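# Tertiary structure, described
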Amino acid sequence: MNDQVADFRAEKTNLTELAGLGKGPVSLEPYRSAEWFEKEVEQVFKRAWLCLGREERIGKPGDYFVQTIEVAKAEILVTRTREGVRAFHNVCSHRSNKVVLDRGGNASRFVCRYHNWTYKNDGALIGVPDEKNFFDFDKKRCGLTKVACETWEGWIFINLQPVPEVSLTEFLGDFGQIYTGIPYPHSDKSILFVSHLKANWKVIADAFAETYHIPAIHPETIGSTFASNENPFARPISAQTWGPHRSVSTYGNPEYVPPIGSQVERLFYSNIATGNVLSAASLEDTEVFLKHPAINPTKSGSWAVDVTWLFPHFQFDVSPGGFWTHHFWPVSVNETRWEARFHIPDAPDVWSRLQQEHYIARLGEILLEDVGNTERTQEGINSGAKEHMVLQDGEVMIRHSLHQLEKWVHAETVREALA
């Protein structure tokens, strides 16, 4: 683990150096090269453990959801059996038709509508019309094709290798130990934002990997909450790395109060002491997170959000009052499906409901500011006008991501990539 703390009062910070990363210009080819993209697909997305989200999505036996992974040309059926969470390719063993057509629900049986082959939700084939007319037929060998599936701290992971080279525990490494025991309240309730964007998945991911952009892109929304006279460029508080995984703690202006003209925000703002307006809960809920040593590890009084990455494409953020997640699903070299889930509780009263509605509306505006710039960025990258991008110290997470992707692309084995 590398643990770096920034002094945003200094002329420069040194998060990049302490993370053991280079400081030179970074090639733009990984953002526009079709050849590189195919290497990422084969060497990264088809070998790494991929987080699909929370177990609460399938909280009861029989619950299921279907996850599309475009770059693997795969649909993964994730189910909860009485024995636990299981995953399968959504492909019938008869003629390879899709078995489940809904995106989610609850069922003890799955029936392929082509010829009515029937499977239990644990993948076992239990019904074949006119079974006697097949040749040397063995139902036990014709169940749904399993996909490696493990859980950690309530998060569901799959691995697309027929036999994963490493276990989920080995993949997570020290990160998995340090982040054990973090609470994730209201995991069964979420608001989902989805967008299909004409940009490389890393362009979208980079938009949520640094705070340097906040004063420029978000001047009317969160610009003055993540920056201040003391920290005008929204430099992060600290950064940590664990192999391919990483986290950064962002600054929150402790003196922020909603401007006089923002009457609705002033009415519902509940986190003045933290400089954060990205939650729809009371200030007391903050203590639930802050008691854990991994959250705001420097215990800064100016802390706003922990932005935490699970390699390669999943981010979960923890802030006062709640948590949210981002999935950056590559579709093609210049196309991404971005999914963001924000977890909030059921509103116990009218006041809380109004606060949440304000929160949701505000989120939509902030997220549009973030992703609205990504397609223009991709167009600039594709123009070929620039060969490299120049990263500053506060963009350490972007540099770390590219460094790790390069390791995985060139590594012959997963263990070599993790070394």
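Data block above holds the structure.
What counts, and at which threshold
Residues numbered from 1 in each chain as written. Predicted model: local features only at pLDDT ≥ 70, side-chain atom pairs only at ≥ 80, totals over all residues. Heavy atoms only, no water. Helix = DSSP H or I, 4+ residues; strand = E, 2+ residues; numbered from the N terminus. Rg over C-alpha atoms; globule rule 2.2 N^0.38 Å. Buried < 20%, exposed > 50% of the residue type's maximum accessible area, 1.4 Å probe, protein only. Contact = heavy atoms within 4.5 Å. Areas by Shrake-Rupley, 256 points an atom, 1.4 Å probe, with all protein chains shown as cover. Lys, Arg positive; Asp, Glu negative; His and termini not counted. Charge placed at Lys NZ, Arg CZ, Asp CG, Glu CD. Pairing = 2+ DSSP bridges. Axes fitted to C-alpha atoms, helices over the stretch in contact; angles between N-to-C directions. Arc of directions from axis to C-beta. Polar contact = N/O pair within 3.5 Å; in protein donor to acceptor, adjacent residues only side chain to side chain. Salt bridge = Lys/Arg side-chain N within 4 Å of Asp/Glu carboxyl O. Phe/Tyr/Trp six-rings, centres within 6.5 Å; stacked < 30°, edge-to-face > 60°. Lys NZ or Arg CZ within 6 Å of the ring centre and 35° of its normal.

Let's shift gears to the overall build of the protein chain. When helices and strands are tallied, the protein chain shows eleven helices and 20 strands. The C-alpha atoms of the protein chain give a radius of gyration of 23 Å, which matches the 22 Å a tight globule of 419 residues would have. Based on the C-alpha atoms only, the size of the protein chain along its principal axes is roughly 80 × 55 × 40 Å. Here the protein chain, with 419 residues, has 54% of them falling under the buried criterion. The contacts in the protein chain between residues at least 6 apart in sequence include a share of 65% that link residues at least 24 apart. Summing over all exposed atoms, the protein chain offers an accessible surface of approximately 18,900 Å²; the carbon and sulfur share of this is 51%. Across the protein chain, the mean location of the 42 positive side-chain charges is 7 Å away from that of the 54 negative side-chain charges.

Pairing is antiparallel across the open sheet formed by four strands, whose spatial order is E6-E5-E4-E7. Looking along the sheet, the strands with just one partner apiece sit at the ends: strand E6 (84–89) and strand E7 (104–106). Averaged over all neighbouring strand pairs, the angle between strand axes comes to 20 degrees, with direction disregarded. One ladder, built from three bridges, connects strand E4 (residues 63–69) with E7; its direction is antiparallel. Opposite Tyr 64, over in E7, you have Gly 105 as the bridge partner.

Moving on to helix H3 (residues 168–178). Restricting attention to buried positions, one finds in H3 the residues Leu 168, Phe 171, Leu 172, Phe 175 and Gly 176. All buried residues of H3 fall inside an arc of 105 degrees around its axis, so they share one side. In H3, the exposed positions angled more than 90 degrees off the buried face are occupied by Thr 169 and Gln 177.

Ordered in space as E8-E9-E10, the three strands form an open sheet in which the pairing is antiparallel. Two strands lie at the open edges of the sheet, namely strand E8 (109–111) and strand E10 (125–127), each paired on one side alone. Recorded for the sheet is a direction-independent mean angle of 35 degrees between the axes of neighbouring strands.

Note the cis peptide between Phe 311 and Pro 312, where omega equals 0 degrees. Residue placement: Pro 312 occurs in the loop between strand E16 (303–310) and strand E17 (314–319). Non-glycine residue Ser 96 carries a positive phi angle of around 70 degrees. For Ser 96, the location among the structural elements is in the loop between E6 and E7. Residue Ser 96 is classed as exposed on the basis of its relative accessible area of 54%. In this structure, His 186 is a non-glycine residue whose phi angle is positive, near 60 degrees. Topologically, His 186 is positioned in the loop between H3 and strand E13 (191–197).

This part is about the environment of Asn 200. Within the element layout of this structure, Asn 200 appears in the loop between E13 and helix H4 (201–207). A sequence separation of 159 residues divides Asn 200 from Tyr 359, and the C-alpha atoms of the two residues are 29 Å apart. Setting aside its immediate chain neighbours within four residues, Asn 200 contacts Pro 30, Tyr 31, Phe 37, Val 333, Asn 334, Glu 335, Thr 336 and Gln 378. Only 2.9 Å separates the side chain of Asn 200 from the backbone oxygen of Val 333, close enough to count as a polar contact.

Turning our attention to the pattern of salt bridges. Considering all chains together, one arrives at 18 salt bridges under this definition. One salt bridge connects Asp 122 with Lys 120, and the closest N-O pair in it is separated by 3.8 Å. Here Lys 120 falls in the partly exposed class, since its relative accessible area comes to 31%. Salt bridges sharing partners connect three or more residues here, namely Glu 29, Arg 32 and Glu 387.

So, on to the packing of aromatic side chains. A complete count under the given rule lists 24 aromatic pairs for this structure. With a centroid separation of 5.2 Å and an interplanar angle of 85 degrees, the aromatic rings of Phe 45 and Trp 201 are classed as edge-to-face. Linking Phe 45 in helix H2 (residues 34–45) with Trp 201 in helix H4, this pair joins segments that are 156 residues apart in sequence. A relative accessible area of 1% means that Trp 201 is categorised as buried. Both rings, one in Tyr 179 and one in Phe 316, keep their centres 6.2 Å apart while their planes meet at 80 degrees; by these two values the pair is edge-to-face. Placement of the pair is Tyr 179 in the loop between H3 and E13 and Phe 316 in strand E17, with a sequence separation of 137 residues. Connected via pairs of aromatic rings, a cluster forms that spans Trp 152, Trp 155, Phe 175, Tyr 179, Tyr 184, Trp 242, Phe 314, Phe 316 and Phe 323. Taking NZ or CZ as reference, Arg 54 lies 4.6 Å from the ring centre of Trp 155, over its face.

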